[in-house]
Amino acid sequence: MSVVTVQLGQCGNQVGQELFDVISSDAQDGQRKTYSSVSRERFFRQTSQGGKKMRYNKNKAPRGFYYDCCYVGKVLKYFFFFLRVPDFEARAVLVDMEPKVINHSMNRAAKSGRWRYAEASHFSQKQGSGNNWANGFRVLGPRHRDAVEELVRREVEHCDVLAGFIPMMSVAGGTGSGVGTFVTQCLRDVYPSSFVLNHLTWPYGTGEVIVQNYNSVLTLAHLYQLSDALLVHENDAVHRICSQQLNLKQISFGDLNRVIAHQLAGVLQPALTPDSCGAYSGNPLGELVSALACHPEYKLLSACSIPQMASASIAFSTFSWPALLKHLRQMLIANTKMEEGIDWQVRPPPASAGRTSSLTAGGFNASLANLLILRGKDVYSAETGGFEDPAIYTSWLPPAEALSLWKSPVPFDKYEKSATLVSNSQALLRPLDDMVRKAWNMFASR
Amino acid sequence: MTQSVVVQVGQCGNQVGCRFWDLALREHAHVNKRGLYDEALSSFFRNVDLRKSDGGDCCVGGRIQHLKARAVLIDMEEGVVNGILQGPLREVFDSTQLLTDVSGSGNNWAVGHLTYGSAYREAIVNKLRKAAEHCDCLQCFFLIHSMGGGTGSGLGTRVLSLLEEEFPDVCRIVTAMYPSAEDDVITSPYNSVLAMRELTEHADCVLPVENQSLVDIVNKISVMSHGAKPGSALRKDSTVTSGQGSLSPTEKPFDAMNNIVANLLLNITSSARFEGSLNMDLNEIAMNLVPFPRLHYLVPSLTPLYTLADVNIPTRRLDQMFSDAFSKDHQLIRADPKRSLYLACALMVRGNVQVSDLRRNIERLRPSLPFVSWNQEGWKTGLCSVPPVGHSHSLLALANNTCVKPTFMELRDRFTKLYRKKAHLHHYLDVDGMEQSIFSESLSSLSALIDEYHQLDATKARLIPDAQRLSIAR
């Protein structure tokens, strides 16, 4: 089953390009064939028709060819030998109101040599949205609705079976937030029975755009009605991962995007689910949404993954499931996104304490539902009992329902063992509260 | 990619504009190694193939044939514009872009605004329209003029209101040169206050620049370059410090000061022209930095002003650049923003600077900068990967700050000193269409503006509680 991503605005296009990069390199590293083919089918389409033309290299071709080619080569000045190399084109639609970022992303993709964006699947204008949500949602979105819907329709027609859509955007700017909300609305209208999982990037709390709080609040309010689930990454948290976990001295947006892409790919790459009966799941978005967004009022999801380390250190580290899962559980409860500096003092409140639903009762993060995805060696022997503890969940959903477990015996992105946790919990409450408070203060002035 | 048109009015405007085009050509020559007419070049220049019969523009992607600036040059006396046309920049302009007259405005705002404004209205609108038609997607008009003279302030502000009438959707960013207290034009307070009213009402953003600050900055640079310390030789190819490598062989008197202003314009548009990891377009400037329509005066500051020729220590130099941007020595008007209230601040960084450097410096500087209560973390940031010529990175800070209030109050004081005695008033009132009420209206507009800034200043020390709202149930 295939997933179509719609990349909106500068952030969406940059993160999307990194995401496809991670997925294509993960699916290629001598992985097991079923895993690779399911992953490729999900995110790329193969076009062996428009193969790459390669310069004839006499050292690589078999002898028979050489003889023939030499004869022809005497006549022609240059000789090109057509090799049909399967080209993987991403199932993606790129939308932005100005052309620079899309050009940059498409060039970078083509340079990777493993995959590229289809030539005709992008849409751009000359002038950006000016960080104005209203401009994106009410003016530019409707104006370009037909063009964007056409691109999406063409991409959907290339899919055998459509698993759903993943619009990727940031909430701070104008195009991602405004046009992105409008495009999500269109997807909902045109494909009412498909799953729509929005991936959102929240900006730094200390400001990237002055009106970011207005744009974020307007976007979230609309998306909550339109989307099936909202998977959120915050720039602040990802920045901390880069600086403290990966020990990068100079962090660029590329580094942030790679971390986000790694976590997102960890969620979206093929896995064996309880419903998929021994094969890789064909309905990843549907199963994710049904596992986590169990109540229509609770749609905000956050992700964290373990381990996260500089790629140079991976070869020197050993991993064990008990250690990884113990850290991951504490990361969930204490609401941090990294293994460094976990607060081991935070514990779930004892059952006898009653319903004291305080925002930060001792810093404890209560969950509604969790999805745990384990990838790598010995997955079947991993002990996940810690995540079934009723104390970390709300009382109105039995823990057996609240926890979903997906497994894949194939190692992911060079980690021998890795785990990703997508949770529907209180983790995003504090940033959301801050965002709304600042937007309201700005609005209420004068 | 969008295009912008530069409209330069008066002697000061044309001299600054001349430096701007010179530096723009240098910058693009530095970046564009292959001689192709790319999107970045098209934002300020047209590529014209003179052999084509319709004088046709070539589109993006071909080789550079002949570059013409997207500009309109207006001056009521011929000296400056003729000087440009005889200088090395003559190829870049053609006669359809120029509008000149013979006798000048006599340092009289009324002559510029009313007499020449009405006489040349049609001609000006035609030239603007032509320039706009050559653009695929016109985003912004940059108007450069001085406030103290007659043509720049009078005719310049008339052009501004024409732009608003004819092209209401296009952003108008004005670079206005404010006179210093020791200005040699006696009537400059009158001209400035009369022009200020037009700027407050018709411009989208104004970047005020004061001559005195430019003089101080240039002096500082020359002190540095004449060897305060041994081994501290300055790099000679920077666009800010020197016109070296530029088209004209000798530097003219105001060139150094005008260079700084020209760099300001280059840096503002850099993120719209070149790519970067966090783009900032021109329409985002007004969107983010102007909280209320009349408070659109943005104090610019540009760093670094010079680079030492020896190998620089990256991180320390970078942090120093950020600190300098907020010090009062680097502001382009005489003001101390750190002591006044910030309504909003934009940081446009060029070169090899990453988001972690930006974050670190914002967090470091934030506690010492007073921000207004409803915009506590109000930063707009932009990262462009292409550095300016001669530097490895640079920072342009645009602050909407109440520190402009003292500047405006001084201006008002100088105005009232003359107005009380009705000195030189008859020159203005003699002009057809000019009335005394225009003076009093301009004065009250300026006073109202000062008042608005004052209201905001008053909230500075007070602790404003969060506004009432629905909160999360606890």
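For clarity, every value in this text was computed on a predicted model and none was experimentally measured. Along each chain, residues carry numbers from 1 onward, in the same order as the chain's sequence is written. Chain letters start at A and ligand numbers start at 1, both assigned in the order the entries are written. Selection of residues for local features in this predicted model requires a pLDDT of at least 70, selection of side-chain atom pairs for listing and counting requires 80 or more, and totals for whole chains, interfaces and linings are taken over all residues. Only hydrogens and water are removed before side-chain values are computed, so all heavy atoms of the structure are retained for them.

Enquirer: Provide a residue-level description of the overall build of chain B, including the pertinent values.
Expert: Secondary structure counts use DSSP, requiring at least four H or I residues in a row for a helix and at least two E residues in a row for a strand, with both numbered from the N terminus. On a plain count of helices and strands, chain B comes out with 15 helices and 13 strands. Burial classes follow relative accessibility: with a 1.4 Å probe on protein chains only, a residue under 20% of its type's maximum area counts as buried, one over 50% as exposed, and anything between as partly exposed. Counting across all 474 residues of chain B, residues that qualify as buried make up 62%. Contact definition: two residues touch when any of their heavy atoms are within 4.5 Å. Taking the contacts inside chain B whose residues are at least 6 apart along the sequence as the reference set, 82% of them involve residues at least 24 apart. Computed with a 1.4 Å probe, the accessible areas rest on the Shrake-Rupley method; for each residue, only the protein chains presented here act as cover. Working note: accessible area of chain B is about 18600 Å², and carbon and sulfur atoms make up 52% of it.

Enquirer: I'd like to hear about the overall build of chain A, residue by residue, with values.
Expert: From N to C terminus, chain A includes 15 helices and 14 strands. A separation of at least 24 residues holds for 82% of the contacts in chain A among residues at least 6 apart in sequence. Taken as a whole, chain A presents about 19200 Å² of accessible surface, with 54% of it coming from carbon and sulfur.

Enquirer: Describe the sheet that holds strand β10 (residues 299-303) of chain B, and please don't skip the residues or the numbers.
Expert: Residues and elements named next belong to chain B. Between any two strands, pairing holds if DSSP finds at least two bridges. The strand order across the open sheet built from four strands is β10-β13-β11-β12, with neighbouring strands paired in mixed fashion. At either margin of the open sheet sits one strand with a lone partner, and together these are β10 and β12 (379-384). Strand-to-strand twist of the sheet, defined as the mean angle between neighbouring strand axes without regard to direction, takes the value 15 degrees. Sheet analysis places strand β11 (residues 342-351) next to β12, joined by six bridges and oriented parallel. Note that in β12 the partner of M348 across the bridge is G382. In this analysis an axis means a line fitted to C-alpha atoms, helices contributing only their contacting stretch, and an angle means the value between N-to-C directions, from 0 to 180 degrees.

Enquirer: Give me the interface of chain A and chain B: which residues, what numbers.
Expert: The figure often quoted for interface size is the accessible area lost as the parts come together. Of the residues lining the interface, 42 residues belong to chain A; the matching set on chain B comes to 47 residues. Summed over both partners, the interface of chain A with chain B comes to about 3900 Å²; 51% of that surface belongs to carbon and sulfur atoms. What counts as a salt bridge is simple: a side-chain nitrogen of Lys or Arg found within 4 Å of a carboxyl oxygen of Asp or Glu. At the surface where chain A touches chain B, the tally comes to one salt bridge. Note that K126(A) is salt-bridged to D136(B), the shortest N-O span being 2.8 Å. We define a polar contact as two N or O atoms separated by no more than 3.5 Å, with the added condition that, inside protein, one atom must be a possible hydrogen donor and the other a possible acceptor, whereas residues neighbouring each other in sequence contribute only through side-chain atom pairs. For the pair chain A and chain B, the number of links is 22 residue pairs in polar contact (both at pLDDT 80 or more). Only α1 (9-26), α4 (99-112), α10 (253-268) and α15 (429-444) of chain A provide two or more residues apiece to the side of chain A that touches chain B. For the side of chain A that touches chain B, a count of residues per class yields 15 nonpolar, 18 polar and nine charged. Values labelled buried area give the accessible surface lost by two parts on being combined, using a 1.4 Å probe and summing over both. Here the nonpolar group is Ala, Val, Leu, Ile, Met, Phe, Trp, Tyr, Cys and Pro; Asp, Glu, Lys and Arg are the charged ones; every other residue, Gly included, is treated as polar.

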